[in-house]
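Here is what each chain is made of, one letter per residue.
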Amino acid sequence: EAQVTQNPRYLITVTGKKLTVTCSQNMNHEYMSWYRQDPGLGLRQIYYSMNVEVTDKGDVPEGYKVSRKEKRNFPLILESPSPNQTSLYFCASILGGFGPGTRLTVL
Amino acid sequence: GESVGLHLPTLSVQEGDNSIINCAYSNSASDYFIWYKQESGKGPQFIIDIRSNMDKRQGQRVTVLLNKTVKHLSLQIAATQPGDSAVYFCAESGASDTGRRALTFGSGTRLQVQP
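Chemist: Would you explain the environment of Tyr-36 of chain B in this entry?
Modeler: Relative to the assigned elements, Tyr-36 of chain B resides in strand E4 (residues 32–38). Residues Tyr-36 of chain B and Phe-89 of chain B, spaced 53 residues apart in sequence, show a C-alpha to C-alpha distance of 5.1 Å.

Below is the structure:
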């Protein structure tokens with residue numbers, strides 16, 4: 001089954017504690033991206049990747065890092081999370097398939 | 001910067017009626033548009049897409065219309081069903097000067113289907 005998976009689905013952490021949200025797709029797609037979704041602001045793109053080792057900033061990249069060492073994985077890294085990064089995060093493959101979401105709370 | 005927006009935050013329709021959800025975009029370089037449906041607790045689900053060289057595309061019970069002159073996009077749902085109740089997002093994509101391609105979403109319209 002073609003799918004995008006994310007882990008963890010839920011995470012509560014504290015300010016400044018580094019975390020990584022993993023994203024994996026089994027469709028051999030080149031394009032992957034990360035979004036955050038906040039009430040009243042809709043979905044905003046954080047970073048995207050056109051292919052392995054090719055990443056670019058989206059609309060709200062501050063405070064986030066990504067890597068694309070292999071085609072199937074596109075982890076989102078928060079080096080020093082802050083409360084304003086509390087949000088619902090979605091990983092997506094190409095322009096259509098979204099993962100189930102990761103709800104992150106930063107205390 | 002460029003933005004994608006929606007005219008109505010909430011749309012309420014009777015079951016069986018047709019629904020029309022509208023979207024305005026401002027990036028004249030956008031060449032690819034997508035409509036998504038998001039149900040509570042789930043990720044956005046692809047519904048239908050359209051490229052800028054087209055002005056209409058039909059799927060199963062859905063039609064997307066693109067008016068490039070006024071930068072307007074609409075999603076029409078025929079014979080709306082209770083299962084259509086969700087938030088609908090339009091999104092636009094266009095290649096930047098560097099060839100990179102990002103996807104920008106509107107803020108969403110909530111469709112409520114009354115039985």
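Chemist: I tried to follow a nonpolar patch on the surface on my own but got confused; where do I start?
Modeler: On the surface, Ile-12, Val-14 and Leu-107 of chain A cluster together into a nonpolar patch covering about 320 Å² of accessible area. Checked against the element boundaries, Leu-107 of chain A lands in the segment after strand E11 (102–106).

Chemist: Sorry, what's going on with the pattern of salt bridges here?
Modeler: Any two side chains of opposite charge can pair if their charged atoms end up close together. Residue and element names in this part refer to chain A. Within this structure, the stated rule accounts for 7 salt bridges over all chains. Linking Asp-38 and Arg-44 is a salt bridge whose minimum nitrogen-to-oxygen distance equals 2.8 Å. Given a relative accessible area of 11%, Asp-38 falls into the buried group. Of the residues examined, Arg-44 reaches a relative accessible area of 24% and is grouped as partly exposed. The residue Glu-79 makes a salt bridge to Lys-65 at a minimum N-O spacing of 2.9 Å. Highlighted residues: Glu-79 in the loop between strand E8 (76–78) and strand E9 (87–93) and Lys-65 in strand E7 (residues 65–66), separated in sequence by 14 residues. Taking relative accessible area as the criterion, Glu-79 reaches 35% and is therefore assigned partly exposed. In this structure Lys-65 comes out as partly exposed when scored by relative accessible area, which is 43%.

Chemist: When you look at the pairing of E11 of chain A in this model, what are you seeing that I'm missing?
Modeler: Within a regular strand, the side chains alternate between the two sheet faces. Residues and elements named next belong to chain A. Side chains Thr-102, Leu-104 and Val-106 project from E11 onto a buried face, and the interleaved Arg-103 and Thr-105 project onto a face without burial. Pairing of strand E2 (residues 10–13) with E11 involves 4 bridges; the strand directions are parallel. For Thr-13, the partnering residue across the bridge sits in E11 and is Val-106. As paired elements, E9 and E11 share 3 bridges and run antiparallel to each other.

Rules used in this analysis
- Residues numbered from 1 in each chain as written.
- Chains lettered and ligands numbered in written order.
- Predicted model: local features only at pLDDT ≥ 70, side-chain atom pairs only at ≥ 80, totals over all residues.
- Heavy atoms only, no water.
- Helix = DSSP H or I, 4+ residues; strand = E, 2+ residues; numbered from the N terminus.
- Patch = residues over 30% accessible without salt bridge, like charges linked within 9 Å, V, L, I, M, F, W, Y side chains within 5 Å.
- Areas by Shrake-Rupley, 256 points an atom, 1.4 Å probe, with all protein chains shown as cover.
- Salt bridge = Lys/Arg side-chain N within 4 Å of Asp/Glu carboxyl O.
- Buried < 20%, exposed > 50% of the residue type's maximum accessible area, 1.4 Å probe, protein only.
- Pairing = 2+ DSSP bridges.

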